[in-house]
Amino acid sequence: LGYFLHTQTNSPTTRYKMTKLEQWLTVLILFLTLWLPVALQIVPLNMEYHLLILVWMIPIVLLAIFGLYSLTVILYRVATFNDCVQEAESLKKEIAEAKTDLKKKGFKFN
């Protein structure tokens, strides 16, 4: 279904690019197909109890790593955010014009 949603031509040479959601869902499905049989002991691996506890903790550890990764990406993008001086001046000018127009119409600012 995703293939038909993302291609715009019927050319067989058109390459399909997965969205981020599709990438994450693919990884999640692959992880669950490997982790669930081991965690629920569907596959008889005869693991010791402490190893089974470690297997059960894998999703928690991965979730913590994902949280740290997300926080790092957000902090990096905030730190490298570009300042748009010209756009800021343009916005200030538009705000001043809007205030003047509203004052003419009787609006009072504090």
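Notes on the structure follow. (Residues numbered from 1 in each chain as written. Predicted model: local features only at pLDDT ≥ 70, side-chain atom pairs only at ≥ 80, totals over all residues. Heavy atoms only, no water.)

This part takes up the packing of helix α2 (residues 20-39) against helix α3 (residues 49-79). Look at α2 against α3: their axes get within 10 Å of each other, and the N-to-C directions meet at 160 degrees. Taken as axis vectors, α2 and α3 run roughly antiparallel relative to one another. Read as a crossing pair, α2 and α3 show a hand that is left-handed. When α2 is examined against α3, the residues Trp24, Phe31, Trp35, Val38 and Ala39 are found in contact with a partner set consisting of Leu52, Val55, Trp56, Ile58, Pro59, Leu62 and Phe66. Residue composition of the contact of α2 with α3, by class: 12 nonpolar, no polar and no charged. (Axes fitted to C-alpha atoms, helices over the stretch in contact; angles between N-to-C directions. Helix = DSSP H or I, 4+ residues; strand = E, 2+ residues; numbered from the N terminus. Parallel < 35°, antiparallel > 145°, perpendicular 65-115°, else oblique. Left-handed = near helix turned anticlockwise from the far one by under 90°. Contact = heavy atoms within 4.5 Å. Nonpolar A, V, L, I, M, F, W, Y, C, P; charged D, E, K, R; others polar.)

This brings us to the layout of surface pockets. Considered as a void within the structure, the largest pocket measures approximately 320 Å³ in volume. Taken together, the elements giving at least two residues each to the lining of the largest pocket come down to α2 and α3. A per-element tally of the lining of the largest pocket places α3 first, with 6 residues. Considering only residue class, the lining of the largest pocket consists of 11 nonpolar, no polar and no charged. (1 Å grid on protein atoms, 1.4 Å probe; cavity = no way out; pocket = protein on both sides within 12 Å on 5 of 7 lines; lining within 4 Å. Points joined across faces, edges and corners; volume = space filled by probe spheres on them.)

Before going further, it helps to spend a moment on helix α4 (residues 85-104). For α4, which comprises 20 residues, the first-to-last C-alpha distance of 29 Å matches the rise-based estimate of 28 Å (1.5 Å per residue) to within 8%. Count one or two residues on from α4 and you reach Gly106, which has phi positive near 100 degrees. (Expected span 1.5 Å × (residues − 1).)

Turning to unusual backbone geometry, a few remarks are in order. Phi angles above zero are rare outside glycine, and Gln41 is one such case at about 55 degrees. Examined against the element boundaries, Gln41 turns out to sit in the loop between α2 and α3. With relative accessibility at 49%, the residue Gln41 sits in the partly exposed group. Of note in this structure, Asn46 is not a glycine but carries a positive phi near 50 degrees. Note that Asn46 resides in the loop between α2 and α3. (Buried < 20%, exposed > 50% of the residue type's maximum accessible area, 1.4 Å probe, protein only.)

From the geometry alone we can't say anything about function, so treat these as descriptive.
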